[in-house]
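Examining the three-dimensional arrangement
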Amino acid sequence: MSKRGAFIAIEGLDRSGKSTQASALIKRLEAANVPCKHIKFPDRTTPIGKMIDSYLQSKTELDDHVIHLLFSANRWELASSIVKALEEGTTVVCDRYAFSGIAFSAAKVLPRETTSKDGDSTIPIPTHVLSYEWCRAPEISLPAPDLTFLLEVSPEKAESRGGYGEERYENKEVQEHVRQVFDRIGEEIESSGVGKWVVLDADLDKDEVEQSVWDEVKPFIEHMGVSGPVRKLW
Ligand code: NYM
Ligand code: MG
């Protein structure tokens, strides 16, 4: 069997530069004559993707469980085409994947925080709407990335990049919760051995981040190779 393609995911908070880096990586791969394909989640072009788009733009309201399952279904509807491309030797670069799915949903807290008394001070206890385990379940068995980059951006830098947009989740408080879930996912991926998890400082200049991404991807593709069947998410 000829060498299969590598499955590379680029993850991070909003304004971390994921799309810029995914495009830059595709250009580098093309220049190196590596067959490659650029995909993105959510894929807003499918019927499910259109429902997601409408929700993100606050044109529709959906139960938190429902939107979580739609995001996951949006990956499942493309899962077999990802595996096919990889098996045909095409490297797939994916702008957001299942880890965003878990992180953004598990980060949701009820608008009113319950509090606990500690001496004179009141400590807020955020109540999560969906448990981490529940959010992770629909992602089980999706094709697993061989290499995932988490682009870490500070709130200050995200703000300086023009701030957040108008979509749902694009505010400091949500992003901070999402950051914490991403850290938990990274630890789990590392210890599970399903794929490699690389954290990069995305506050740096985009050319520096691009170089760091390439420094990981190049040897990965050239030397270690990507062998064996496409793995499944843990
Ligand atoms: N998002 C993205 C989720 O909540 N769950 C998912 O499964 C995925 C893939 O959608 N704020 C959120 C993260 C983003 C938003 O993504 C739209 P983008 O990359 O800005 O189009
Ligand atoms: Mg966005």
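These numbers were taken from a predicted model, which means no experiment stands behind them.

Here we come to the environment of Asp207. When you line up the elements, Asp207 lands in helix H8 (residues 206–224). The class of Asp207 is partly exposed, set by a relative accessible area of 46%.

Below, the discussion takes up the site of ligand 1. Inspection of the region around ligand 1 gives 13 residues, with Lys40, Arg44, Arg75, Arg96 and Gly101 positioned closest. Interatomic distance of 2.8 Å between a side-chain N/O atom of Arg96 and an oxygen atom of ligand 1. In this structure, Gly101 approaches ligand 1 through a main-chain N or O atom, which is 3.4 Å from an oxygen atom. Summarising the interface, the protein chains cover 93% of the accessible area of ligand 1, which totals 480 Å² for the free molecule. Its atoms largely coinciding with the cavity grid, ligand 1 occupies the largest pocket. Elements supplying a minimum of two residues to the shell around ligand 1: helix H3 (64–87) and helix H4 (98–106). At three residues, H4 tops the list of elements feeding residues into the shell around ligand 1.

As a further point, take the sheet that holds strand S6 (residues 147–152). Strand order in the open sheet formed by five strands is S2-S3-S1-S6-S7, and the pairing between neighbours is parallel. The open sheet has two edge strands with one neighbour each: strand S2 (36–40) and strand S7 (196–201). In this sheet, adjacent strand axes meet at a mean angle of 20° when their direction is disregarded. As defined by bridge partners, S6 adjoins S7 across six bridges and the pair is classed as parallel. Residue pairing for S7: Leu147 is matched across the bridge by Lys196. Against the sheet, H4 engages strand S1 (7–12), S6 and S7, with an angle of about 25° to S1.

Looking now at the environment of Ala31. When you line up the elements, Ala31 lands in helix H1 (residues 18–31). Residue classification places Ala31 among the exposed residues on the basis of a relative accessible area of 67%. Remark: the alpha-carbon pair of Ala31 and Val83, spanning 52 residues in sequence, is separated by 23 Å.

Between Phe41 and the following residue, Pro42, the backbone shows a cis peptide bond with an omega angle of -5°. With respect to the helices and strands, the residue Pro42 is situated in the loop between S2 and helix H2 (47–56). The residue Arg96 is not glycine, and still its phi comes out positive at about 75°. Turning to its location among the elements, Arg96 is positioned in the loop between strand S3 (91–95) and H4. Although it is not a glycine, Tyr169 adopts a positive phi angle of roughly 75°. Within the secondary structure layout, Tyr169 lies in the loop between helix H6 (155–160) and helix H7 (172–192).

This brings us to the side chain of Glu170. Inspection of the secondary structure puts Glu170 in the loop between H6 and H7. Reaching out from Glu170, the side chain makes a polar contact with the backbone nitrogen of Glu166 at a distance of 3.4 Å. Look past the residues within four positions of Glu170 in its chain and what remains in contact with it is Asp14, Tyr164, Gly165 and Gln175.

Right, let's get into H2. Those residues of H2 lying buried are Gly49, Ile52, Ser54, Tyr55 and Leu56. As for H2, its buried residues are in contact with H3. With its phi angle positive at about 60°, Ser58 sits one or two positions after the end of H2.

About the criteria used
Along each chain, residues carry numbers from 1 onward, in the same order as the chain's sequence is written. Ligands are numbered from 1 and chains lettered from A, in the order in which they are written. Where local features are concerned, this predicted model is filtered to residues with pLDDT of at least 70; where side-chain atom pairs are given and counted, the filter is 80 or more; whole-chain, interface and lining totals use all residues. Only hydrogens and water are set aside when side-chain values are computed; all heavy atoms of the structure are taken into account. Note on conventions: DSSP H or I runs of at least 4 residues are helices, E runs of at least 2 residues are strands, and numbering of each starts at the N terminus. Only protein chains enter the area calculation, which uses a 1.4 Å probe; residues under 20% of their type maximum are buried, those over 50% are exposed, and those in between are partly exposed. Think of it this way: one heavy atom of a residue within 4 Å of a molecule or strand is enough to make that residue near it. The term polar contact refers here to a pair of N or O atoms within 3.5 Å; inside protein, the definition further demands a hydrogen-donor-capable atom paired with an acceptor-capable atom, and it admits residues adjacent in sequence only when both atoms are side-chain atoms. Note on areas: Shrake-Rupley with a 1.4 Å probe; residue coverage comes only from the protein chains shown. Here a cavity means grid points, on a 1 Å grid over the protein atoms only, where a 1.4 Å probe fits yet cannot get out; a pocket means an open set of points with protein on both sides within 12 Å along at least five of seven lines; lining residues are those with an atom within 4 Å of a point. To qualify as sitting in a cavity or pocket, a molecule needs more than half of its atoms within 2 Å of the grid points. The criterion for strand pairing is that DSSP finds at least two bridges linking the strands in question. A fitted line through C-alpha atoms serves as each axis, taken over the contacting stretch for helices, and the angle formed by two N-to-C directions is quoted from 0 to 180°. The contact definition used throughout considers only heavy atoms, calling two residues in contact when any of these lie within 4.5 Å.

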